Amino acid sequence: MAVIVRVPTPLRRLTNGQGEVQVEALTIREAVEKLESLYPGFKERLLDENGELRKFVNIYLNDEDIRFLKGIDTELKDGDVLSIVPAIAGGF
Amino acid sequence: MFKFTEEQIKRYARHIILPEVGGKGQEKLLNSKVLVIGAGGLGSPAILYLAAAGVGTIGIVDFDVVDFSNLQRQVIHNTERVGTPKVESAKKTVEMLNPDVKVITYNTRISKENIMDIIKDYDVVLDGTDNFPTRFLINDACYFAGKPLVSAAMLRFEGQVSVFDYRNKENSPCYRCLFPEPPPPGLVPSCQEAGILGSIGGIMGCIQATEAIKLILGIGEPLVGKLLIMDALSMDFRKVKLRKDPSCPLCGEKAVIKELIEYEQVCDVHF
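The sections below set out a description of the structure shown in this document.

Cut-offs used in this document
- Throughout this document, residue positions are counted from 1 along each chain, in the order its sequence is written.
- Whichever chain is written first is A, and whichever ligand is written first is 1; the rest continue in order.
- With pLDDT at 70 or above as the cut-off, local features in this predicted model cover only qualifying residues; side-chain atom pairs require 80 or more to be listed or tallied, and sums for whole chains, interfaces and linings still use all residues.
- Side-chain descriptors were evaluated using all non-hydrogen atoms of the structure, hydrogens and water having been removed beforehand.
- The secondary structure listing takes helices from DSSP runs of H or I that are at least 4 residues long and strands from runs of E that are at least 2 residues long, numbered from the N terminus.
- This radius of gyration counts C-alpha atoms alone. The globule rule is 2.2 Å times how many residues there are, raised to the power 0.38.
- A simple rule labels every residue: compare its accessible area, found with a 1.4 Å probe on the protein chains alone, to the largest value its type can have, and call it buried under 20%, exposed over 50%, or partly exposed in between.
- Residue contacts follow a heavy-atom distance rule, with two residues in contact if any of their heavy atoms lie within 4.5 Å.
- Neither His nor the chain ends is counted toward charge; the positive residues are Lys and Arg and the negative residues Asp and Glu.
- The atom standing in for a charge is NZ when the residue is Lys, CZ when it is Arg, CG when it is Asp and CD when it is Glu.
- Axis angles are defined between N-to-C directions and span 0 to 180 degrees, where every axis is a line fitted to C-alpha atoms and, for a helix, only to the segment in contact.
- Working rule for angles: under 35 degrees goes down as roughly parallel, over 145 as roughly antiparallel, 65 to 115 as roughly perpendicular, anything else as oblique.
- Crossings are assigned a handedness: left-handed for a near helix turned anticlockwise from the far helix by less than a right angle, right-handed for a clockwise turn.
- Three residue categories are used. Nonpolar comprises Ala, Val, Leu, Ile, Met, Phe, Trp, Tyr, Cys and Pro, charged comprises Asp, Glu, Lys and Arg, and polar comprises the others, including Gly.
- Counted as salt bridges are all cases of a side-chain nitrogen of Lys or Arg within 4 Å of a carboxyl oxygen of Asp or Glu.
- The definition of a polar contact used here is a pair of N or O atoms within 3.5 Å, where within protein one atom must be able to donate a hydrogen and the other to accept one, and adjacent residues in sequence count solely through side-chain atom pairs.
- Once two parts are brought into contact, the accessible area they lose, counted with a 1.4 Å probe and summed over both, makes up the buried area.
- Given the number of residues in a helix, its expected span is that number minus one, multiplied by 1.5 Å.
- Here, a strand pair is defined by DSSP locating no fewer than two bridges between the strands.
- A right-handed crossover is one whose linking path, passing over the helix from the first strand to the second, runs clockwise when the strands point away from the viewer.
- Here is the rule: rings of Phe, Tyr and Trp (six-membered ring for Trp) pair when centre to centre is within 6.5 Å. Planes less than 30 degrees apart are stacked, more than 60 are edge-to-face, and the remainder are tilted.
- Two conditions define a charge sitting above a ring: the NZ of Lys or the CZ of Arg must be within 6 Å of the ring centre, and it must be within 35 degrees of the ring normal.

### Details of the overall build of chain A
For chain A, the helix and strand inventory stands at two helices and five strands. Its C-alpha atoms give chain A a radius of gyration of 12 Å, within 12% of the compact-globule value 12 Å for 92 residues. With respect to the three principal axes, the spread of C-alpha positions in chain A is 40 × 30 × 25 Å. The buried share of chain A, taken over its 92 residues, is 57%. Sequence-distant contacts in chain A: of pairs separated by 6 or more residues, those separated by 24 or more amount to 48%. Considering chain A, the positive charge centre built from 12 side chains and the negative charge centre built from 16 side chains are found 5 Å apart.

Here you go:
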């Protein structure tokens, strides 16, 4: 399944500045693995040492928070859009 | 019936002509009290538009002084004010813009000791602060006090904004439903690495002011249960669903947070 991953600006240093990348994956977990192989460092930004999504990062499948689906094991279909939304604090 | 002066009728004519606002709505604005925490990149435009709109009382909290490095985005301050407290600088600008507005300044760092006392008199709270510990503190305090919170944050070319309506706790998710805990040091870009395009604050701060005004007027659909994410490089605005998390440590079924918590400051550098 080809899905689009929207990369937030703080993580774009890993993707050579790209705001959107495409990966082939059947689940979100697989998508994260693919991202890690393409852009090393991605996985540890998203998942903790137990392989669970970090508490200050959210992933949305289209407009739904994956924590309210099957989490990181949620299945993907062609054309899905994954958005990574980290907590940011700047008011500066 | 509220008696507008001739000057007020002229000043607010473009509001009063809107059926959604009208004379009654303008009266609501003039009687409203909004607290803005942080007179920086988000607070500057938010305060300016709230003041121009005739929000009758604006509270401003900030402990910092105006620095040259602020002026690239903090449009309520100016070159002459460098070195003066931000709350005083903001107050002067508001007074020049609209004499109808009463400004109450709090030249102090918001803390678990003072926050409940500061927020208690306000109808709406805007969060424009620059660190996670303060954001979690403001969220928890607004939740306990039942105050609607308009929260925005930004980094580099990106912004996030949402409304947590704690007047209606049963139906509104909270900031901790979105992010249960602040990130530990090292996993988000450090303060030194961070930057911000100045105009992003203008966009996000104006959205905060708009949401606050909508809440006061009771019009439209506020961003409750929604997170608006803006990416200025592609100029994408996306809304994602924000659900009430049954396992939320603050508002969930087995909530464990019953009092204010002050997290350690991960980074105390100011821009």
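### Thoughts on the packing of helix α3 (residues 22–30) of chain B against helix α9 (residues 198–217) of chain B
All names here are of chain B. The geometry of α3 relative to α9 is characterised by a closest axis approach of 9 Å and an angle of 110° between their N-to-C directions. Of the possible angle classes, the one that applies to α3 and α9 is roughly perpendicular. Taken as a pair, α3 and α9 cross one another with a handedness that is right-handed. Counted together, Gly-25, Lys-28 and Leu-29 of α3 and Ile-213, Ile-216 and Leu-217 of α9 form the full contact between these two elements. Its residues assigned to classes, the contact of α3 with α9 comprises four nonpolar, one polar and one charged.

### A look at the side chain of B:Arg81
All names here are of chain B. By the secondary structure assignment, Arg-81 is in the loop between β2 (57–61) and α5 (86–97). For the buried Arg-81, no salt bridge exists, and the shortest N-O distance to an oppositely charged side chain is 5.9 Å, to Glu-80. A distance of 2.9 Å separates a polar side-chain atom of Arg-81 from the backbone oxygen of Ser-89. In this structure, Arg-81 is in contact with Val-66, Ile-76, Ser-89, Lys-92, Thr-93 and Met-96, ignoring residues within four places of it in sequence.

### Examining unusual backbone geometry
Of note, A:Asn16 is a non-glycine position whose phi angle comes to about 55°, a positive value. Locating A:Asn16 in the fold gives a position in the loop between β1 (2–6) and β2 (20–24).

### Quick look at the environment of B:Pro222
Residues and elements named next belong to chain B. Relative to the helices and strands, Pro-222 is located in the loop between α9 and β7 (226–231). Linking Pro-222 and Asp-165, residues 57 residues apart in sequence, is a C-alpha distance of 8.9 Å. Beyond its immediate stretch of four places on either side in the chain, Pro-222 contacts Glu-211, Lys-214 and Leu-215.

### Topic: the interface of chain A and chain B
Opposite the 29 residues of chain A that make contact, chain B presents 47 residues. Taken over both partners, the interface formed by chain A and chain B buries close to 3,100 Å², and the fraction arising from carbon and sulfur atoms is 57%. The tally of links from chain A across to chain B stands at six salt bridges. In this structure, the salt-bridge partner of A:Asp63 is B:Lys241, at a minimum N-O distance of 3.8 Å. Run the count over chain A and chain B and you get 12 residue pairs in polar contact (both at pLDDT 80 or more).

### Overview of helix α7 (residues 132–145) of chain B
One turn of an α-helix holds 3.6 residues; hence residues three or four places apart share an orientation. Residue and element names in this part refer to chain B. Relative to the 20 Å expected for 14 residues at 1.5 Å per residue, α7 spans 20 Å between its end C-alpha atoms, a close match to the ideal helical length. Of all 14 residues in α7, 12 are buried, a share of seventy percent or more. Of all the residues in α7, the buried ones are Phe-132, Pro-133, Thr-134, Arg-135, Phe-136, Leu-137, Ile-138, Asn-139, Asp-140, Ala-141, Cys-142 and Tyr-143. Elements that come into contact with the buried residues of α7 comprise β1 (33–37), α6 (115–119), β4 (124–127), β5 (149–155) and α8 (175–178). Looking one or two places after α7, you find Gly-146, whose phi comes out positive at around 70°.

### What to know about the environment of B:Ala153
All names here are of chain B. Structurally, the position occupied by Ala-153 is in strand β5. A relative accessible area of 5% places Ala-153 in the buried class. With 81 residues separating them along the chain, Ala-153 and Gln-72 place their C-alpha atoms 17 Å apart.

### Notes on the pairing of strand β3 (residues 102–106) of chain B
Residue and element names in this part refer to chain B. Relative to β3, β2 runs parallel, the two sharing five bridges. Opposite Gly-59, over in β3, you have Ile-104 as the bridge partner. One crossover worth recording links β2 to the parallel β3 by way of α5, and it is right-handed.

### Focus: the packing of aromatic side chains
Residues and elements named next belong to chain B. Scanning all chains against the criterion turns up eight aromatic pairs over all chains. Each ring, one from Phe-164 and one from Tyr-166, has its centre 6.3 Å from the other, and the planes form 10°; the classification is stacked. Stacked on the ring of Phe-63, the Lys or Arg Arg-109 has its end atom at 4.2 Å from the ring centre. Between the NZ or CZ atom of Lys-169 and the centre of the ring of Tyr-143, over which it lies, the distance is 4.5 Å.

### So, the packing of helix α4 (residues 43–52) of chain B against α5(B)
Residues and elements named next belong to chain B. It is the contact of α4 with α5, at a shortest axis distance of 9 Å, that shows an interaxial angle of 30°. Judged on the interaxial angle alone, α5 and α4 are roughly parallel. By crossing handedness, the relation of α4 to α5 is classed as right-handed. Taken together, the residues of α5 that come into contact with α4 (itself represented by Ile-47, Leu-48, Ala-51 and Ala-52) are Thr-93, Val-94 and Leu-97. Here the contact of α4 with α5 is composed, by residue class, of six nonpolar, one polar and no charged.

### Describing the pattern of salt bridges
If you walk through the whole model with that rule in mind, you get 21 salt bridges over all chains. Here A:Arg67 and B:Asp245 are joined by a salt bridge, their closest N and O atoms 3.5 Å apart. On the criterion of chain membership, the pair formed by A:Arg67 in the loop between β4 (64–65) and β5 (81–86) and B:Asp245 in the segment after β8 (236–241) is interchain, its members lying in two chains. Residue classification places A:Arg67 among the partly exposed residues on the basis of a relative accessible area of 30%. Residue classification places B:Asp245 among the buried residues on the basis of a relative accessible area of 10%.

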